Amino acid sequence: MNKLYLWGIIITVLMLVFTYMSVAGSEGGLNNDIVNILAITGAVALVIITVFVVIKYVRQMQVDSVTGDLADENWDGIGEYTNEVPTGWAVTFLLTMVWGMWYFTVGYPINSYSQIGEYNEDTVAHNTKFEAQYKDITGDRLIEMGESVFLAECKVCHGINADGIDGKAANLNQRIEAVSVKYVIANGANNMKTDFPGGMPPMMLTDSAQIDAVADYIVSGFPEGHAGVEAFLMGGCTGCHGEKGEGMPFVGPKLNGFDIATVTSILKDGKKGAIGTMPKFERLNPKQIEAVGAYITSLSK
Amino acid sequence: MFHWLEKHPFFLAVGVFLVISFAGLVEILPNFAQQSRPVIGTAPYSTLELAGRHVYIKNSCNACHSQLVRPFKSETDRYGHYSLSGEYAYDRPFLWGSKRTGPDLMRVGNYRTTDWHENHMKDPSGVVPGSIMPAYRWMFTNSADIDTAFAEQLTIAQFFSVPYNKPVPMKDGSTTVVKMGSSVAEANALALSEAKVIAADMKDQDVKDAVANGNIPEIVALIAYLNSLK
C-alpha cells in the first residue's frame, strides 16, 4: 500500500476521534438534538472529503506528466499550452458577459433597488399603522404614550422625573418657577410666537416687591386674597393672561397650569428664558405632541 | 484572440486603458452629479465653528459619535432627516465615524442647545444618568485655536472655492453670507463676536469672563460647531 494512503487513513481516524471527543463525547453529547446531529454529520463528512481531496492532488503531483502542445510564442522560455478552453467554462463565461450587459443596460436601470424608496415605503406604512392604531386613544393611554415620548425626547434635559435636574431645565411638575416669572417680567418674552404672535413687553412692573408678589401669586397657583392679586392687575398681566392666569388665545398663554395647547405651543417654537434655551420639536407628529401635552398636564395635577 | 493580444503589447495596453477608463468613469462621474453639490441650506463653517470642529477632531469625538443618519425609520425618528451627500460638501474631512458608542451628532443642533451642551460637557452623567461619556472640563480653560481655523479657511477658500463672503442659498429662499476675515486680527474679531453670542447663553462665569476679555475657550468654539450641525 502506498505510504500516502496510510497517512490519509491515520489522519482521518485521528480527526474523527478528535471530533467525537470534542462534540459527541463531551458532556451533553448529541442529546438527540437534530442540529447537533447535523453538525456532527457535517464535521465527519468534511474530514473524509478533505483527506480524500488532498490525497487525490498530492497523488497527481507525484505521478502526473505533462501533456499537450505548446503555443508558438513564449516569454523568456515560459510557454503556454494550446489546450482548448473547456466548453462548459467558455459557455459560462460568455453567458456571464451577456448577463452583465443586460444587467448594466436593462436589469439594473429598469428594476433598480432604491434604499430611499424602501425607506419612504416603510415610513408611509408606519405612519398609516400608527394613525390607525392610535387615532382614538384618550385618557390614561394617551398619558402613557406621552410618557414614552417624554422618556425618549424630553428626559435628556428635563430629567426622568421631569424635575429639570436641579435647575438645568424647567421643572415640569409645576407650570412656572418664580425665577422664570421674574425673568420674563424684567426682559419680556418672545416665545411661542406662532400661537401668541404679539410677544410680551418687558418692564410691565418695576417695583421689586410687586414683582416678588406677582411671582409668588403665579407660582402658588392664583389663590384667592393673595398679596399679589393687586400687582398682577396693576402690571396689566390680566389683560393678556386673564384674571386667574387662564390665558387668552392668540394673546397670552395660560399660566395657571399646563394644558395640551400650551405644551403644543412650546414644542412648536421652542423657548428661551431664565433657565436656558429649549429647541423646537418639529419632528414629533401631532398625536405624539398631544400625548406629551397630556402627560405633562398630568404631572402637575 | 487572446494569443493575438498577448503578442501585440500595444493593443493589449489600449485594451487595458479602455477597461480602466470605464471603471474610472463609473467611480468618478457620480461625484459631479447634482446630488454631490452642496445641498441648499448647507453653509460653510464660520471661523469659530471651524475652530470648534478642530476641537471635536482633536478630542476624537468622532471615535464614539457618528455624523451619518441612515435612511431607516428608527434613525430618522431619533436624529432627523437622513443624511445627503451634498451636506458634507464643506466637511474636510467628513466625520461620518464608523461606530456609535454615543448617539449620532449629524443634526444635534436641532435638538440640543448651548446650555445643555455646557452642562453635559462638564458632567455628562449629571444630565444623562448612566452615561459613560467622560467629562471634558479642560475645554472650559483651554483656548481655541482661531489662527489655525482662519488658516484653514483661507486655504479652502482659495483651493476649493468654498464660498466665504459670498451669498449662499438657504432653504427658505433667502441667502446668507458666511464672513471670513481678511487678516488674522479681523478673523479673531469675527470669531470673538460669534463667541459672545454663545457665551451669553452659558452659565460658567469663568467662560463668560474669558470671552469678555477677548479669549475664547475651546468649549465655546465646540458649542458653536455643535449648534451648526443641523
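Residues take numbers from 1 onward in each chain, read along the sequence in its written order. Chain letters start at A and ligand numbers start at 1, both assigned in the order the entries are written. Given that this is a predicted model, residues contribute local features only at a pLDDT of at least 70 and side-chain atom pairs are listed and counted only at 80 or more, while totals for whole chains, interfaces and linings are drawn from all residues. By convention in this description, side-chain values take in all heavy atoms of the structure and omit both hydrogens and water.

**As for the overall build of chain B**
In this description a helix means any DSSP run of H or I spanning at least four residues, a strand means any run of E spanning at least two, and both kinds are numbered starting from the N terminus. What chain B contains, in helices and strands, is 10 helices and two strands. Each helix (α) and strand (β) of chain B, taken in turn from the N terminus, gives the series α-α-α-α-α-α-α-β-β-α-α-α. Atoms considered for the radius of gyration are the C-alpha atoms alone. The globule rule reads 2.2 Å times the number of residues to the power 0.38. Relative to the globule expectation of 17 Å for 230 residues, the C-alpha radius of gyration of chain B, 22 Å, shows a markedly less compact shape. Judged by the C-alpha coordinates and their principal axes, chain B covers about 80 × 45 × 35 Å. Among the 230 residues that make up chain B, the fraction classed as buried is 41%. In this description, contact between two residues means that some pair of their heavy atoms is separated by no more than 4.5 Å. Long-range contacts, defined as pairs at least 24 residues apart, comprise 70% of the intrachain contacts of chain B with a sequence gap of at least 6. Residue burial is assigned from relative accessible area. The probe radius is 1.4 Å, only protein chains are included, and a residue is buried under 20% of its type maximum, exposed over 50%, and partly exposed in between.

**Section: unusual backbone geometry**
For the peptide bond that leads from B:Arg92 to B:Pro93, omega is -5 degrees, which places it in the cis range. Looking at the element boundaries, B:Pro93 is found in the loop between helix H4 (73-79) and helix H5 (114-122). Although it is not a glycine, A:Ile165 sits at a positive phi angle of roughly 45 degrees. Among the secondary structure elements, A:Ile165 is positioned in helix H6 (residues 164-167). For A:Ile165, a relative accessible area of 14% translates into the label buried.

**Some details on the packing of aromatic side chains**
Only Phe, Tyr and Trp rings are paired, with Trp represented by its six-membered ring, and only when their centres lie within 6.5 Å; those with planes under 30 degrees apart are stacked, over 60 edge-to-face, the remainder tilted. Inspection of the entire model under this criterion finds 18 aromatic pairs over all chains. On the numbers, 6.0 Å between centres and 55 degrees between planes, the contact of A:Phe104 with B:Phe22 is tilted. With A:Phe104 in helix H3 (residues 87-110) and B:Phe22 in helix H2 (residues 9-28), this pair bridges two chains. In this structure B:Phe22 comes out as partly exposed when scored by relative accessible area, which is 47%.

**Looking at the domain arrangement of chain A**
Parsing chain A into structural domains produces domain 1 (3-63) and domain 2 (139-299). Each of domain 1 of chain A and domain 2 of chain A was reduced to a C-alpha centroid, and the two centroids are 75 Å apart. What fixes the domain bounds is an automatic or database domain assignment.

**Looking at the domain arrangement of chain B**
Partitioning chain B into structural domains gives domain 1 (2-32) and domain 2 (47-228). Using only C-alpha atoms to locate each centre, domain 1 of chain B and domain 2 of chain B end up separated by 45 Å.

**Brief notes about the side chain of B:Glu218**
All names here are of chain B. By the secondary structure assignment, Glu218 is in helix H10 (residues 218-228). In this structure Glu218 comes out as buried when scored by relative accessible area, which is 2%. If sequence neighbours within four positions are ignored, Glu218 has contacts with Val55, Lys58, Trp138, Met139, Asn142, Ser143 and Ala144.

**Regarding the environment of A:Leu172**
All names here are of chain A. Mapping Leu172 onto the fold places it in the loop between H6 and helix H7 (178-187). Residues Leu172 and Leu142, 30 residues apart in the sequence, show an inter-C-alpha distance of 18 Å. Apart from the residues lying within four places of it in its own chain, the contact partners of Leu172 are Phe150, His158, Ala162, Phe258, Ile296, Leu299 and Ser300.

**Brief notes about helix H12 (residues 286-299) of chain A**
All names here are of chain A. To estimate the expected span of a helix, subtract one from its residue number and multiply by 1.5 Å. When the terminal C-alpha atoms of H12 are compared, their 20 Å separation across 14 residues agrees well with the 20 Å that a helix rising 1.5 Å per residue should span. Among the residues of H12, Lys287, Ile289, Ala291, Val292, Gly293, Ala294, Tyr295, Ile296 and Thr297 are the ones counted as buried. Elements in contact with the buried residues of H12: helix H4 (115-134), helix H5 (139-158) and helix H11 (260-269).

**Description of the confidence of the model for chain B**
In predicted models, pLDDT denotes the confidence assigned by the predictor to each residue on a 0 to 100 scale. Residues with a pLDDT of 70 or more make up 100% of chain B, whose mean pLDDT is 92. For this predicted complex, the interface score ipTM comes out at 0.80, alongside a pTM of 0.78.

**Describing the side chain of B:Thr47**
Mapped onto the secondary structure, B:Thr47 falls in helix H3 (residues 47-58). In this structure, B:Thr47 is in contact with B:Ile146, B:Ala149, B:Phe150, B:Gln153, B:Lys179, B:Ala187, B:Ala191 and B:Glu194, ignoring residues within four places of it in sequence.

**Observations concerning the environment of B:Asp209**
Residues and elements named next belong to chain B. With respect to the helices and strands, the residue Asp209 is situated in helix H9 (residues 205-212). Using a relative accessible area of 35% as the deciding quantity, one classes Asp209 as partly exposed. For the pair Asp209 and Leu95, spaced 114 residues apart in the sequence, the C-alpha separation amounts to 32 Å.

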